[in-house]
Amino acid sequence: MTDRTSPVIIITGTPGTGKSSHAHLLAEESSIPLQHINVGDFVKEKGLYDNFDEEWQSYNVDEDQLLDELEPLVAKGGVILDWHSCEVFPERWADLVVVLRCDHSKLWERLEKRSYPLKKIQENNEAEIMQVVLEEARASYAQEIVVELKSESMEDMESNVQRIIEWIKSWQSQRTSSS
Ligand SMILES: Nc1ncnc2c1ncn2[C@@H]1O[C@H](COP(=O)(O)OP(=O)(O)OP(=O)(O)O)[C@@H](O)[C@H]1O
C-alpha cells in the first residue's frame with residue numbers, strides 16, 4: 001500500500017474506445033481534484049519520443065523519459081493516466097486500472113471518422129477483437145484492481161464514470177479507516 005491520499009487511476013483501451021472522453025468526464029464530476037493526463041498529448045508536448053513513424057502515423061515513445069516525467073506527478077496522487085497501453089507503468093503506480101471495451105464494428109466507425117490510414121484502423125480493430133489491452137492489464141496488475149467496462153454509448157460512459165466515483169469514495173474511506 002502507498003501513502004497516497006488520492007488514487008492513481010489508469011484508463012486504458014484500444015484507441016477510440018473512449019478513454020479521453022471518460023477521463024474528461026471523470027475529472028469534471030469527481031468530488032476530489034483529479035488531474036487528467038492524456039499521455040499521448042503529454043509525449044508530444046514534452047517531446048518524449050524518438051521519432052514519428054509516418055507509415056503508422058504514430059510516435060515512437062521514449063518510455064524511460066516518459067516514466068521520469070510522470071513519476072513526480074503520479075507520486076502526488078489524484079491522477080488519471082489516459083493511454084492506449086498500460087504495461088509500461090510500474091505496478092506500484094496504479095490503484096485502479098479501467099480497461100474500456102467496444103464492439104469492433106462501432107470502433108471501426110469511430111476510427112474511420114478520424115481518417116486514420118486503413119491499416120491503422122485494421123490493426124486497432126483486430127487488437128480490440130483479440131482483447132490485447134485487457135490481457136496486457138491483467139498480466140501487469142493485480143486482478144482485483146483491473147476492471148473491464150463497456151464503452152459503446154453515452155449511457156455506458158455516464159454509468160462507468162459514476163462507478164469509478166463510487167470506487168474512489170470506497171478507496172478513500174478504506175484509507176481513512178486503516179490509517
Ligand atoms: N461510450 C461512448 N459512447 C459513444 N461515443 C463514444 C463513447 N466513447 C467514446 N466515444 C466517441 O468515440 C470517439 C473516440 O473517443 P475518445 O477520443 O474518448 O477515445 P480514446 O480511447 O481516448 O482515443 P485515443 O486513444 O485515440 O486517444 C469520440 O468521437 C467519442 O465521442
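Residues numbered from 1 in each chain as written. Predicted model: local features only at pLDDT ≥ 70, side-chain atom pairs only at ≥ 80, totals over all residues.

Under the annotation held in an unreviewed UniProt entry, the protein chain carries the name Adenylate kinase isoenzyme 6 homolog and is attributed to Pterulicium gracile. Its UniProt record gives the protein chain a comment under Sequence similarities (unreviewed entry), which states: "Belongs to the adenylate kinase family. AK6 subfamily." The protein chain has a UniProt comment under Subunit (unreviewed entry) that states "Interacts with small ribosomal subunit protein uS11. Not a structural component of 43S pre-ribosomes, but transiently interacts with them by binding to uS11." (UniProt positions renumbered as here; feature names shortened; annotations may be inferred.)

Colleague: How do you make sense of the site of the ligand when you look at a structure like this?
Modeller: The environment of the ligand is made up of 17 residues, and the closest members are Pro15, Gly18, Lys19, Ser20 and Ser21. When residues of the shell around the ligand are traced back to their parent elements, those giving at least two are helix 1 (19-29) and helix 7 (154-178). Residue composition of the shell around the ligand, grouped by class: three nonpolar, 10 polar and four charged. (Near = placed C-beta within 6 Å. Helix = DSSP H or I, 4+ residues; strand = E, 2+ residues; numbered from the N terminus. Nonpolar A, V, L, I, M, F, W, Y, C, P; charged D, E, K, R; others polar.)

Colleague: For this particular structure, what's the right way to read unusual backbone geometry?
Modeller: When glycine is set aside, most residues are seen to have a negative phi, and most peptide bonds are trans. Positive phi, close to 55°, is recorded for serine 115, a residue that is not glycine. Tracing the sequence through the fold places serine 115 in the loop between helix 4 (104-113) and helix 5 (118-129). Phi is positive for glutamine 131, close to 40°, though the residue is something other than glycine. As for its placement among the helices and strands, glutamine 131 is situated in the loop between helix 5 and helix 6 (132-140).

Colleague: I keep staring at the sheet that holds strand 5 (residues 79-82) and nothing clicks. Help me out?
Modeller: Backbone hydrogen bonds are what pair the strands of a sheet, in a parallel or an antiparallel way. Pairing is parallel across the open sheet formed by five strands, whose spatial order is 2-5-1-6-7. Strands with a single pairing partner mark the edges of an open sheet, and in this sheet they are strand 2 (35-38) and strand 7 (146-150). Ignoring strand direction, the axes of neighbouring strands in this sheet form an average angle of 20°. Of the strands in this sheet, strand 2 and strand 5 are in contact with helix 2 (residues 39-46), which crosses strand 2 at around 70°. Sheet strands in contact with helix 6 are strand 1 (8-12), strand 6 (96-101) and strand 7, and its direction is about 165° off that of strand 6. (Pairing = 2+ DSSP bridges. Axes fitted to C-alpha atoms, helices over the stretch in contact; angles between N-to-C directions. Contact = placed C-beta atoms within 7 Å.)

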